[in-house]
Amino acid sequence: MSKEHAEQFPDPDPSLWAPAPKGPLGQMFAPVAGFGVTLSSMFRPVATEQYPEEKVPTAPRYHGRHQLNHYADGLERCIGCELCAWACPADAIFVEAGYNTPDAQYSPGERFGKVYQINYLRCIFCGYCIQACPTRALTMTNDFELAGATREEMIYEKQDLLAPLEPGMLAAPHPMVEGTTDAEYYSGEITGPTEQQVAWVAEHRPDDPTLSTVRAEGSH
Ligand code: SF4
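Here's a quick rundown of the structure.

What counts, and where the lines are drawn
Residues numbered from 1 in each chain as written. Predicted model: local features only at pLDDT ≥ 70, side-chain atom pairs only at ≥ 80, totals over all residues. Helix = DSSP H or I, 4+ residues; strand = E, 2+ residues; numbered from the N terminus. Near = placed C-beta within 6 Å. Nonpolar A, V, L, I, M, F, W, Y, C, P; charged D, E, K, R; others polar. Core = buried A, V, L, I, M, F, W, Y, C linked by C-beta atoms within 7 Å. Buried ≥ 20, exposed ≤ 12 C-beta atoms within 10 Å, placed from the backbone. Contact = placed C-beta atoms within 7 Å. Pairing = 2+ DSSP bridges.

Examining unusual backbone geometry
Then step 1. The omega torsion of the bond from Tyr51 to Pro52 falls at 5°, within 30 degrees of zero and hence cis.
Then step 2. Mapping Pro52 onto the fold places it in the loop between helix H3 (35-42) and strand S1 (66-68).
Then step 3. Backbone geometry places Glu82, a non-glycine residue, at a positive phi of 75°.
Then step 4. When you line up the elements, Glu82 lands in the loop between S1 and helix H4 (83-87).
Then step 5. With phi around 55°, Asp91 is a residue other than glycine that occupies positive phi space.
Then step 6. Along the chain, Asp91 turns up in the loop between H4 and strand S2 (93-99).

Now the structure itself:
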């Protein structure tokens with residue numbers, strides 16, 4: 001550094017960032033000052049969480065395990081469009097669509113999610129997938145207890161992700177509500193299974209357990 005430069009830009013005064021000088025009392029307690037933090041903390045409420053014996057609820061919008069939802073009549077919301085898989089920055093989602101048929105209608109419209117996998121070793125819980133989903137089929141729960149002994153166990157399949165049917169719903173597959181198209185489903189006009197849907201399931205799957213709990217709403 002040149003002499004002119006040193007004169008123009010002198011070193012700053014070190015006292016600007018040095019700790020404030022201690023008074024006589026400060027100097028007397030300096031050797032045990034660290035215990036002050038300990039003593040003041042001893043009388044505060046304990047912050048330790050006794051997990052897993054006691055589970056503390058997460059924030060309501062916590063991003064946990066995913067869930068595949070149903071419409072009120074029990075049909076699946078997922079239409080196998082793969083938008084969630086394309087939106088995923090970690091390439092954690094794999095979707096393969098299947099075609100609905102009159103004998104096996106799983107979701108409103110043409111296609112349903114036949115294969116649906118989320119690899120939780122890749123997922124970063126960013127939530128881009130649920131933003132991308134056009135039917136609100138995919139949402140995130142508050143479940144954070146995701147563990148497995150093998151890599152395979154951390155790949156969740158469709159049956160692991162499907163939300164349980166709510167009381168009154170009718171398990172898919174079954175026909176859509178008569179006289180409707182997928183547009184009525186998307187706009188939220190379906191409020192529950194109809195008697196015709198219940199009759200169809202009773203004829204094709206008489207042992208279906210949801211037949212005993214379904215609440216039919218009459219014709220649409
Ligand atoms: S979960 Fe949503 S975005 Fe993903 S395939 Fe199904 S409908 Fe499409």
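The rest of the description comes next.
Some points on the site of the ligand
Then step 1. The immediate surroundings of the ligand are formed by 14 residues, with Cys78, Cys81, Cys84, Cys133 and Leu138 found nearest.
Then step 2. Here the residues of the shell around the ligand are counted per class, giving 10 nonpolar, three polar and one charged.

Looking at the nonpolar core
Then step 1. One finds Cys78, Cys84 and Ile93 to be the most contacted residues of the largest nonpolar core, which totals 23 residues.
Then step 2. Contributions of two or more residues to this core are made by S2 and strand S3 (111-119).
Then step 3. Looking at this core, the element that brings in the most residues is S3, giving three residues.
Then step 4. Sequence-distant contacts of Cys78, that is, excluding residues within four places in its chain, are made with Leu68, Ser107, Phe112, Gly113, Tyr116 and Ala137.
Then step 5. The next biggest cluster of nonpolar side chains, apart from the first, holds five residues, and it includes Met169, Leu170, Val198 and Val201.

Section: the environment of Ile124
Then step 1. Mapping Ile124 onto the fold places it in the loop between S3 and helix H5 (128-132).
Then step 2. Look at Ile124 and you get exposed, because 11 C-beta atoms sit within 10 Å.
Then step 3. Through-space distance from the C-alpha of Ile124 to that of Pro89 is 8.6 Å; in sequence the pair is 35 residues apart.

Overview of the sheet that holds S2
Note on sheets: strands pair through backbone hydrogen bonds, and any given pair is parallel or antiparallel.
Then step 1. As summarised here, the arrangement of the three strands in space is S2-S3-S5, forming an open sheet in which the pairing is antiparallel. If you trace the sheet from one side to the other, it starts and ends with S2 and strand S5 (155-156), each paired once.
Then step 2. Relative to S3, S2 runs antiparallel, the two being bridged by seven bridges. Bridging from a neighbouring strand, Gly98 pairs with Phe112 of S3.

As for the pairing of S3
Then step 1. With two bridges joining them, S3 and S5 adopt antiparallel strand pairing. Paired with Ile118 across the bridge in S5 is Tyr156.

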